[in-house]
Amino acid sequence: MSTAAVPLNRKDKSAVTLVEMCSVRLGQTLFGVPITHILEIVGSARPQPVPLAPPFVGGLVHYRGDVLTTVSLRQLLGLPPKDGPQDILVLESSGGCFGLLVDSVGEVLTVSSADHEPNPSILDQRRRTLFAGAYKLKDSLLVMLDPEQLEPMRLGAAQAA
Amino acid sequence: MDELTREFLIESQEGLDRMERCLTDLEERPQDAGLIGDIFRSVHTIKGTTGFLGFKRLEKLAHAGENLLGLLREGKLAANQQVITGLLQLLDGLRGILKTIEAENAEGTGEDAALIARLEELQLPAKAEAKHAVHARAGAATPPGAHAPLAKTPAPPAPAHVVGKNEPVEAVQGLAEAETDPARPRAQATAAESSLRVDVTLLNRMMNLVGELVLTRNQVLQATSADPNMTLLSRRLDMVTADLRESVMKARMQPVSNIFSKMPRIVRDLSQGLGRRVRLQVEGQDTELDKSLLEAIKDPLTHAVRNALDHGIEPPAEREAAGKDPEGTLKLRAVQEGSHVLIEVSDDGAGIAVERVRQKAIERGLITAERANQLVERELLQLIFLPGFSTAAAVTNVSGRGVGMDVVRTNVEKIGGKVELDSRAGKGTTLRLRIPLTLAIIPALIVRSVNQSFALPQGALSELVHVPPGQAATAIEWIENAPLYRLRGKLLPLVFLDRLLMPGVEHRVATERDNFIAVLDADGRRFGLVVDGLADPEEIVVKPLSSVLKTIGLYSGATVLGNADLALILDPGAIALKAGVTMRAEEEAARAADSEVEEEKKNLDYLLVEAAERQAAVPLGDVLRIEQIPLSRIEYIGYRPVLNFDGQLLPVEDSGGVLAAAQGNPDAQIIVVVCREGSRHVGIAVSHVLDVAAGGDLFEAGTAQRTGGVTLLKDRVTGVVDLGGVAPLPATEQAPAEWSQIAETVA
């Protein structure tokens, strides 16, 4: 897990490596999640809301015999909730599996570490912890998400603090 | 750790467990050659394998033990108290080293010289009597093959001879042992071939998958119910799933002997330490229970046994003074009762000194003196389960039990079980643990609130109250902002589920539609949970929640319903806590006593039903649930109506002619009262359920004998349905002979 997370945060100049990213659309922004963290993509799901849960919890979904807690990326970024079904990335982190609710899942992009830039300093604190820099694509930016930071337990702890 | 070592650890552990059982038995039957042989083999196997694996320290200790056991086996030494104590120390020593190997993959550097010296010392008396040795060796040296035809007859239990007095008998014993010896490993080998060690995680995974299959089946059944082509297939799927579920659940079952077998040692050690004389009786060792439940009751049970010895059974002198056998009896009993396993710990000790309990409860401020004086004996006993009570160390020394009884109760209730206590001064105390057979799949009622489904475990549900539209405003009364409902004349605190779940939103009591009150009993806290709607009861598979949702505290898990919806499982105890439904200690004690009284009264309460315009009564205690179903769900075996419930066939009794009357009307709904009759369930078809009422006794004129089969309900003589008269489902089709007789009883 951590071995995969390292190249996200550190720019390795000596060797250019190619990384595969799953692109995710949310509002106007294109986000990327390393495919090594993705177990499965569940299309058009309607999570079951959990009353009294922390706001970032997007609800529960049934996934392969288990009940999976989902995290709403929209809520985390302070965007208004979206009506209708959303796609779910099932992510694996050190704390177990969880789902990430996004508007839609796009194609898998192969990006080069040479195009990676760290988080700009003008980002707010919240986003700086969630994002792991960005890749410069030809006509847009691919904002990297750090799956470890999106883990519900960690978000819960951060919120409590 | 390599596979070989792991295997060795598991096998040795089992061997030592067996040795422990045999040792405690040996204390009662010191001459039993079979027992000594068993113990010898356990130690011998360990010694043999350790040498091979290179565990020198273990080998040395096992060797010392083997020498001593060898003398016992040859009959040169009597299995007296000292020897058995020595062997138990050997057992502990071996266990200690095994534990170190398991943890560190090495046997550690501990010193066993003292123990080895002790074991050698115990061999001395035998060596002094060399002439017996010669004699016995002659017997043992006889080739076992010469006696092969005899090997099949088990050695008769040896009469209690004092070693050394009767040499010929000794020699014969040696022979008998040698004869049975070769036969035994053969029997064990066949047992080993037909069974298999399976990893518990694999079993858990299987259970999980079966749960998944149950859900999928539920969904398939719902989706295909309208398609006649699928009926046969889905019914088959239904049956196979039910069978598979049962088999996997069986695979997780373990006999209670797994924990009972630890008790003789505890009883032995404790009774010696406390100066008590105790005989342990164990019953129902083969009763089986899910592995996880077995683990969960291990500590409460040990606690109960300790309590019984510490505070229950008196010292021998005291017992003799009271005219009792100086040796006390501690009974452990396990028995399956329906979907529960009952585990009983009973002693014939002094019982609980109720007066001391009363005093102490007042001293500790758990109850007011005024209230305490009103409580009857049984109510006072319940005080022992109060959390504050247990910490009072002084009480436990003087009066009855008390150490951690609240912990025992909490642990047992955590797994959905119940604890009951019975005590009679001077006669003894009985503690009953009622444990459900399995955990993973529980019956639940599905309720609706805030436009979602929630599952309420049936275990906590005591009854349901329907508040029809328009009546909510009058039925629900308020003291300031506390809602209350008058349930049979008593005020029941209410909790609105929607208000609890959505605290920020303005709520008002919806009077224009139905409201339902689920009356819950969570650890003695009774309250009514107000929900918007009720759906069918379902067998749900409990799925764990992520820790971030567990911290909310209201939900004990989640489940997938038959319609593929997810539902959160509500935790009644947590709801009571969150809503502030608490009880002062005295109320709780009174309540607990109340519920016991209710238990007794249950048989006198009846469900008043109407079938074909005649009224009949069903004992309320036997009613499990009431189902409203479409007539089309009733199927027939021959001409007997049956109902298929998730693969379980329920015979439906229709002596009232309800089914016949509705025949021909495809949309007809009928009501089936599902009742418990002994270990089976039966259904009774009725047209209406009228009321619940207390029945009065009727006496035959002249004889003043209580009449059976009828009761006085609401001042009317009403027939009681004879559940026992419902004929069991035939294995092969046959007409029930008692048919007409049942019709009479219902009428």
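Residues numbered from 1 in each chain as written. Chains lettered and ligands numbered in written order. Predicted model: local features only at pLDDT ≥ 70, side-chain atom pairs only at ≥ 80, totals over all residues. Heavy atoms only, no water.

### Things to note about the overall build of chain B
Piece 1. Scanning chain B for helices and strands turns up 26 helices and 29 strands.
Piece 2. The contacts of chain B with a sequence gap of at least 6 include a subset with a gap of at least 24, amounting to 67%. (Helix = DSSP H or I, 4+ residues; strand = E, 2+ residues; numbered from the N terminus. Contact = heavy atoms within 4.5 Å.)

### Some remarks on the packing of helix H2 (residues 33-53) of chain B against helix H3 (residues 56-73) of chain B
If you want to describe how two helices pack, look at the angle between their axes and the distance between the axes.
Residue and element names in this part refer to chain B.
Piece 1. Interhelical geometry of H2 versus H3 gives an angle of 150 degrees and a closest axis separation of 9 Å. In this view, H2 runs roughly antiparallel relative to H3, as classed from their interaxial angle. Judged by the sense of rotation from one axis to the other, the crossing of H2 with H3 is left-handed. On H3, the residues touching Ile36, Gly37, Ile39, Phe40, Val43, His44, Ile46, Lys47, Thr50 and Gly51 of H2 are Leu58, Glu59, Ala62, His63, Gly65, Glu66, Leu69, Gly70, Leu72 and Arg73.
Piece 2. For the contact of H2 with H3, the residue count by class is 9 nonpolar, 7 polar and 4 charged. (Axes fitted to C-alpha atoms, helices over the stretch in contact; angles between N-to-C directions. Parallel < 35°, antiparallel > 145°, perpendicular 65-115°, else oblique. Left-handed = near helix turned anticlockwise from the far one by under 90°. Nonpolar A, V, L, I, M, F, W, Y, C, P; charged D, E, K, R; others polar.)

### Brief notes about the interface of chain B and chain A
Piece 1. In this complex, chain B contributes 24 residues to the contact, which on the side of chain A involves 19 residues.
Piece 2. Here chain B meets chain A over a buried area of about 1700 Å², counting both sides, of which 70% is carbon and sulfur.
Piece 3. Applying the counting criterion to the chain B and chain A interface returns 0 salt bridges.
Piece 4. Taken together, the residues of the side of chain B that touches chain A sort by class into 16 nonpolar, 5 polar and 3 charged. (Buried area = accessible area lost by both parts, 1.4 Å probe. Salt bridge = Lys/Arg side-chain N within 4 Å of Asp/Glu carboxyl O.)

### Re the sheet that holds strand E14 (residues 515-522) of chain B
Residues and elements named next belong to chain B.
Piece 1. Ordered by their spatial adjacency, 6 strands build an open sheet running E10-E14-E15-E13-E12-E11, and the pairing between neighbours is mixed. Of all the strands in the sheet, just strand E10 (461-467) and strand E11 (476-479) have a single pairing partner and so form its edges. Sheet twist, expressed as the average angle between the axes of neighbouring strands with direction ignored, equals 35 degrees. (Pairing = 2+ DSSP bridges.)

### Digging into the side chain of B:Gln452
Piece 1. Along the chain, B:Gln452 falls in strand E9 (residues 452-457).
Piece 2. Side-chain polar atoms of B:Gln452 contact the backbone oxygen of A:Pro49, separated by 3.1 Å.
Piece 3. Residues within four places of B:Gln452 in sequence aside, it is in contact with A:Gln48, A:Pro49, A:Pro51, B:Val447 and B:Leu568. (Polar contact = N/O pair within 3.5 Å; in protein donor to acceptor, adjacent residues only side chain to side chain.)

### Digging into the packing of aromatic side chains
All names here are of chain B.
Piece 1. Under the definition given, this model contains 3 aromatic pairs over all chains.
Piece 2. On the basis of an interplanar angle of 20 degrees and a centroid distance of 6.2 Å, the ring pair of Phe8 and Phe55 is categorised as stacked. Highlighted residues: Phe8 in helix H1 (residues 3-28) and Phe55 in the loop between H2 and H3, separated in sequence by 47 residues.
Piece 3. What makes Phe55 buried here is its relative accessible area of 9%.
Piece 4. Ring centres of Trp478 and Phe496 lie 6.1 Å apart, and the angle between their planes is 10 degrees; this geometry places the pair in the stacked category. Taken together, the residues span a long stretch of sequence, with Trp478 in strand E11 and Phe496 in strand E13 (residues 490-496) at a distance of 18 residues.
Piece 5. For Phe496, a relative accessible area of 7% puts it in the buried group.
Piece 6. Taking the ring centre of Phe496 as reference, the NZ or CZ of Arg499 above it sits at 4.4 Å. (Phe/Tyr/Trp six-rings, centres within 6.5 Å; stacked < 30°, edge-to-face > 60°. Buried < 20%, exposed > 50% of the residue type's maximum accessible area, 1.4 Å probe, protein only. Lys NZ or Arg CZ within 6 Å of the ring centre and 35° of its normal.)

### Quick word on the side chain of B:Arg358
Residues and elements named next belong to chain B.
Piece 1. Relative to the helices and strands, Arg358 resides in helix H14 (residues 354-363).
Piece 2. Judged by relative accessible area, Arg358 falls into the buried class, the value being 14%.
Piece 3. Discounting residues that sit within four places of it in the chain, Arg358 has contacts with Ala372, Asn373, Leu375 and Leu380.

### Focus on the sheet that holds strand E26 (residues 680-686) of chain B
Residue and element names in this part refer to chain B.
Piece 1. One open sheet holds the 6 strands; their spatial order is E21-E25-E26-E24-E23-E22, and the pairing between them is mixed. On the outer flanks of this sheet lie strand E21 (623-630) and strand E22 (634-637), each paired with one strand and no other. Taken pair by pair, the neighbouring strands of this sheet meet at an average axis angle of 40 degrees, ignoring direction.
Piece 2. Bridging between strand E24 (residues 648-653) and E26 involves 2 bridges; their strand directions are parallel.

### Description of the confidence of the model for chain A
Piece 1. The predicted model of chain A has a mean per-residue pLDDT of 84, with 91% of residues at 70 or higher.
Piece 2. Considering only residues more than four positions removed or in separate chains, one finds that residues 1-9 of chain A, a stretch of pLDDT under 50, has 14 contacts. (pLDDT = per-residue confidence, 0-100.)

### Considerations on the pairing of strand E6 (residues 86-93) of chain A
Residues and elements named next belong to chain A.
Piece 1. Most of E6 is tucked away: 7 of the 8 residues are buried.
Piece 2. With 5 bridges connecting them, strand E3 (residues 38-45) and E6 associate as antiparallel partners. Following the sheet pairing, Ala45 is matched in E6 by Gln86.
Piece 3. Taken together, E6 and the strand that follows it, strand E7 (residues 96-102), pair antiparallel across an intervening segment of 2 residues.

### Examining empty space enclosed by the protein
A probe matching the size of a water molecule, rolled over the atoms, marks out where space remains unfilled.
Residue and element names in this part refer to chain B.
Piece 1. Following the criterion strictly, the structure yields 5 cavities of 30 Å³ or more and no others.
Piece 2. The volume enclosed by the second largest cavity comes to roughly 60 Å³.
Piece 3. Of all the secondary-structure elements, those providing two or more residues to the lining of the second largest cavity are helix H21 (497-501) and strand E15 (525-531).
Piece 4. Residue composition of the lining of the second largest cavity, by class: 5 nonpolar, 1 polar and 5 charged. (1 Å grid on protein atoms, 1.4 Å probe; cavity = no way out; pocket = protein on both sides within 12 Å on 5 of 7 lines; lining within 4 Å. Points joined across faces, edges and corners; volume = space filled by probe spheres on them.)

### Focus: the pattern of salt bridges
Residues and elements named next belong to chain B.
Piece 1. Considering all chains together, one arrives at 32 salt bridges over all chains under this definition.
Piece 2. With a closest N to O distance of 2.7 Å, Arg279 and Glu327 form a salt bridge. Here the residue Arg279 occupies a position in strand E2 (residues 278-283), and Glu327 occupies one in the loop between helix H13 (316-321) and strand E4 (328-337), the gap between them amounting to 48 residues.
Piece 3. Through salt bridges that share partners, Asp17, Glu20, Asp92, Arg95, Lys262, Arg265, Arg268 and Asp269 make up one connected network.

### A few points about the nonpolar core
Piece 1. Within the largest apolar cluster, 66 residues are counted, with the highest numbers of intra-cluster contacts made by A:Leu73, B:Leu529 and B:Tyr555.
Piece 2. When residues of this core are sorted by domain, at least three fall in each of domain 2 (200-252) and domain 4 (443-582) of chain B.
Piece 3. Contact partners of A:Leu73, with chain neighbours within four places excluded, come to A:Leu26, A:Phe31, A:Leu100, A:Leu101, A:Val102, A:Leu145 and A:Leu150.
Piece 4. The next biggest cluster of nonpolar side chains, apart from the first, holds 49 residues, and it includes B:Val256, B:Leu280, B:Ala304 and B:Leu366. (Core = buried A, V, L, I, M, F, W, Y, C linked by side-chain atoms within 4.5 Å. Domains from an automatic or database assignment.)

### Considering the confidence of the model for chain B
Residue and element names in this part refer to chain B.
Piece 1. A residue-level look at chain B finds 80% of positions with pLDDT of 70 or above and a mean pLDDT of 75.
Piece 2. Confidence, read as mean pLDDT per element, is least for helix H18 (residues 393-398) in chain B (38) and greatest for E9 (92).
Piece 3. For residues 595-603, every residue scores under 50 in pLDDT, and the model assigns this stretch 6 contacts once sequence neighbours within four places are set aside.
Piece 4. Predicted confidence for residues 732-747 stays below pLDDT 50, and this span has 25 contacts to residues more than four positions away or in other chains.

### Quick word on helix H11 (residues 263-274) of chain B
One turn of the α-helix equals 3.6 residues, which is why residues spaced by three or four share an orientation.
All names here are of chain B.
Piece 1. The end-to-end C-alpha distance of H11 is 16 Å, a good match for the 16 Å that 12 residues give at a rise of 1.5 Å each.
Piece 2. Along H11, the positions that sit buried rather than exposed are Met263, Arg265, Ile266, Val267, Arg268 and Ser271.
Piece 3. Check the buried side of H11 and you find it contacts H1, helix H4 (81-104), helix H10 (257-260), E2, helix H12 (291-312) and E4.
Piece 4. Positive phi appears at Gly275, one or two residues downstream of H11, with a value of about 70 degrees. (Expected span 1.5 Å × (residues − 1).)

### Points about a nonpolar patch on the surface
Piece 1. Judged by side-chain polarity, B:Leu196, B:Val198, B:Leu202 and B:Met206 come together as a nonpolar surface patch covering roughly 390 Å² of accessible area.
Piece 2. Overall, B:Met206 belongs to the partly exposed group, its relative accessible area being 34%. (Patch = residues over 30% accessible without salt bridge, like charges linked within 9 Å, V, L, I, M, F, W, Y side chains within 5 Å. Areas by Shrake-Rupley, 256 points an atom, 1.4 Å probe, with all protein chains shown as cover.)

### Looking at the packing of helix H8 (residues 200-224) of chain B against helix H9 (residues 231-251) of chain B
Residues and elements named next belong to chain B.
Piece 1. Interaxial distance between H8 and H9 falls to 10 Å at its minimum, and their mutual angle equals 160 degrees. Viewed along their axes, H8 and H9 adopt a mutual orientation that is roughly antiparallel. Our pair here, H8 against H9, has a crossing hand that is left-handed. Residue-level inspection shows Leu203, Met206, Met207, Val210, Leu213, Val214, Arg217, Val220, Leu221 and Thr224 of H8 in contact with H9, the latter providing Ser234, Leu237, Asp238, Thr241, Ala242, Leu244, Arg245, Val248, Met249 and Ala251.
Piece 2. Considered class by class, the residues forming the contact of H8 with H9 number 14 nonpolar, 3 polar and 3 charged.

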